[in-house]
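Letter by letter, the chains look like this.
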Amino acid sequence: MGLRKLLCILSLILTMLPVTSVYAEGTDSISASKFQYKSQYWFNQLIENGFRINDPGVNYPKFPRFLLKIYNWGDKTFNSYDKEYVVGTGKNWKLTGKNYNWLESYAMFFTSHTDIRMNSDPYSDIGAHIGFMAVSVGYTFKADELFGKPKNTRSHYEYGFTCSRLAANVAYTKTSGGVKITKFGDYDLPHSFSFNGVRQKTFSLDAYYFFNNKKYSQAAAYCYSKYQLKSAGSMIAGFNYGTQSINLDFTKLPLEMMEWMPGDYSYYNFHYTEYSLTLGYAYNWVLHPRRWLVNVTALPSVGYKHSYEDSTDGKKDMFALAPRVMLGVVYNHKNLFASLNGRFDGHLHFGDGYTFFNSIESFSLNVGMRF
């Protein structure tokens, strides 16, 4: 066997061996770790220690160690706090059960001092999520359909990201039918009237910055990954991009109601894109450190709205106004947590001879554990 062939075989064997602490830096040594690992493979070591990624005894290869350095830099830069006000929970994993309830509201105010008010049936979703640090996966099903309620066409997807400095949220909602009219101009409604002439589709993308990010934690109130130790608040600034397509077809109403139709149209289509700036405020009240927390967040947005040609008012450039409010109550007990959250997202549309306001209101109950 030639020397070159022997060296090639030895090189191949060495690349197959588990990585040792030759890549460790300074204090990163197995002797500094509180874990006695059974395996020499770095990924198995992470499984053994519960994915404590910064344990110095984990024998990372060069590239994973490089990624860890990048992560730690980002964590220090974008997710650091004043420890007198905010501390971590010490756990990377979360298992959460969630009951999410939501409904839509619509109101039209006409210059004739009459108005139309509608709201959807309340929808209820139940699901479970498991998360590791900033990533989570889960499944949610429509709980209201299990109890024989009408199977209106609907879907809702949402994803959020929060760190000390920044937060972002993406949401998509689509519904059809399932609306009740509670007021219809001067028509005498003996009770709410079921109406299937409403279809809506909404997409929104929000991103905002917390100015007092060293002392205030949004994650303590809505992600359960931090503890707020002292009460603190923060100014918030950001932007919002959103699209809406809402169809109101009142021709599906009985003729006796149509005779009382306020306004100039029996069919309305609101199709537009919004670009808004957000300036708001959030505050965490600490009723008991590491135990009880109450949050209020107000995020009004103002900006520019572009209405498309298929809209009732045609193609127009308009003023956009979108109020948003969030409420949260959190209870922690060791590694267990529970919370009640409420949220209101509204949009104003100023048409010719009327003002249209629509909103989505939601309420959720979350229970879970950290490990």
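Above this text is the structure in question.
**Some thoughts on the overall build of the protein chain**
- Looking only at helices and strands, the protein chain has five helices and 19 strands in total.
- Across the 371 residues in the protein chain, those meeting the buried criterion constitute 43%.
- Total accessible area computed for the protein chain in this model is approximately 20100 Å², and 62% of it derives from carbon and sulfur atoms.

**Let's talk about the side chain of Ser276**
- Note on placement: Ser276 falls in strand β13 (residues 267–288).
- For Ser276, a relative accessible area of 4% corresponds to the buried category.
- Apart from residues no more than four positions distant in its own chain, Ser276 is found in contact with Gly238, Phe239, Asn240, Ser301, Val302, Gly303 and Ala320.

**A look at the nonpolar core**
- Within the largest apolar cluster, 23 residues are counted, with the highest numbers of intra-cluster contacts made by Met108, Met118, Phe184, Leu248, Phe250, Tyr268 and Phe270.
- Secondary structure elements with two or more residues in this core: β2 (93–110), β3 (115–120), β8 (179–184), β12 (232–249), β13 and β19 (354–370).
- In this structure, Tyr208, Tyr222, Ile236 and Val286 belong to the second largest nonpolar core, which totals 16 residues.

**A few points about the pattern of salt bridges**
- Using the criterion set out here, one finds eleven salt bridges in the structure.
- The shortest N-O distance in the salt bridge between Arg154 and Asp125 comes to 3.0 Å. With a gap of 29 residues between them, Arg154 in strand β6 (residues 153–162) and Asp125 in strand β4 (residues 123–132) connect regions that are remote in the sequence.
- Overall, the relative accessible area of 8% leaves Asp125 in the buried class.
- Note that Asp345 is salt-bridged to Arg343, the shortest N-O span being 2.7 Å.
- The exposure class of Asp345 is buried, given its relative accessible area of 19%.
- Under the relative-accessibility criterion, Arg343 is labelled buried at 19%.

**Some remarks on the side chain of Asn295**
- Assignment of secondary structure puts Asn295 in strand β14 (residues 292–298).
- A polar atom in the side chain of Asn295 sits 2.9 Å from the side chain of Thr297.
- Once residues lying within four places of it in the same chain are set aside, the contact partners of Asn295 are Tyr216, Gln218, Ala221, Tyr222, Tyr283, Asn284, Met326, Leu327 and Gly328.

**What to know about a positive patch on the surface**
- Taken together, the side chains of Lys174, Arg199, Lys201 and Lys252 present a region of like positive charge at the surface.
- Mapped onto the elements, Arg199 comes out in strand β10 (residues 198–210).

**Here we look at the pairing of strand β15 (residues 301–307)**
- The pairing of β13 with β15 spans seven bridges and is classified as antiparallel. Bridged to Tyr272 within β15 is Ser307.
- Bridging between β15 and strand β16 (residues 316–322) involves seven bridges; their strand directions are antiparallel. Of the residues in β16, the one forming a bridge with Lys305 is Met318.

**Some thoughts on the packing of aromatic side chains**
- Using the criterion set out here, one finds 26 aromatic pairs in the structure.
- With a centroid separation of 4.7 Å and an interplanar angle of 20 degrees, the aromatic rings of Tyr224 and Phe337 are classed as stacked. Remark: Phe337 occurs in strand β18 (residues 336–350) and Tyr224 occurs in the loop between α4 (218–222) and β11 (226–228); sequence separation between them is 113 residues.
- Members of the aromatic cluster, connected to one another through ring pairs, are Tyr106, Phe110, Phe184, Phe195, Phe250, Tyr265, Tyr268, Phe270, Tyr354 and Phe356.
- The ring centre of Tyr272 lies 4.1 Å from the NZ or CZ of Lys305, which sits over that ring.

**Observations regarding helix α3 (residues 62–78)**
- Between its terminal C-alpha atoms α3 stretches 24 Å, which fits the 24 Å expected from 17 residues at 1.5 Å a residue.
- Where the residues of α3 are buried, they touch α2 (42–48).

Definitions and cut-offs
Residues numbered from 1 in each chain as written. Predicted model: local features only at pLDDT ≥ 70, side-chain atom pairs only at ≥ 80, totals over all residues. Heavy atoms only, no water. Helix = DSSP H or I, 4+ residues; strand = E, 2+ residues; numbered from the N terminus. Buried < 20%, exposed > 50% of the residue type's maximum accessible area, 1.4 Å probe, protein only. Areas by Shrake-Rupley, 256 points an atom, 1.4 Å probe, with all protein chains shown as cover. Contact = heavy atoms within 4.5 Å. Core = buried A, V, L, I, M, F, W, Y, C linked by side-chain atoms within 4.5 Å. Salt bridge = Lys/Arg side-chain N within 4 Å of Asp/Glu carboxyl O. Polar contact = N/O pair within 3.5 Å; in protein donor to acceptor, adjacent residues only side chain to side chain. Patch = residues over 30% accessible without salt bridge, like charges linked within 9 Å, V, L, I, M, F, W, Y side chains within 5 Å. Lys, Arg positive; Asp, Glu negative; His and termini not counted. Charge placed at Lys NZ, Arg CZ, Asp CG, Glu CD. Pairing = 2+ DSSP bridges. Phe/Tyr/Trp six-rings, centres within 6.5 Å; stacked < 30°, edge-to-face > 60°. Lys NZ or Arg CZ within 6 Å of the ring centre and 35° of its normal. Expected span 1.5 Å × (residues − 1).

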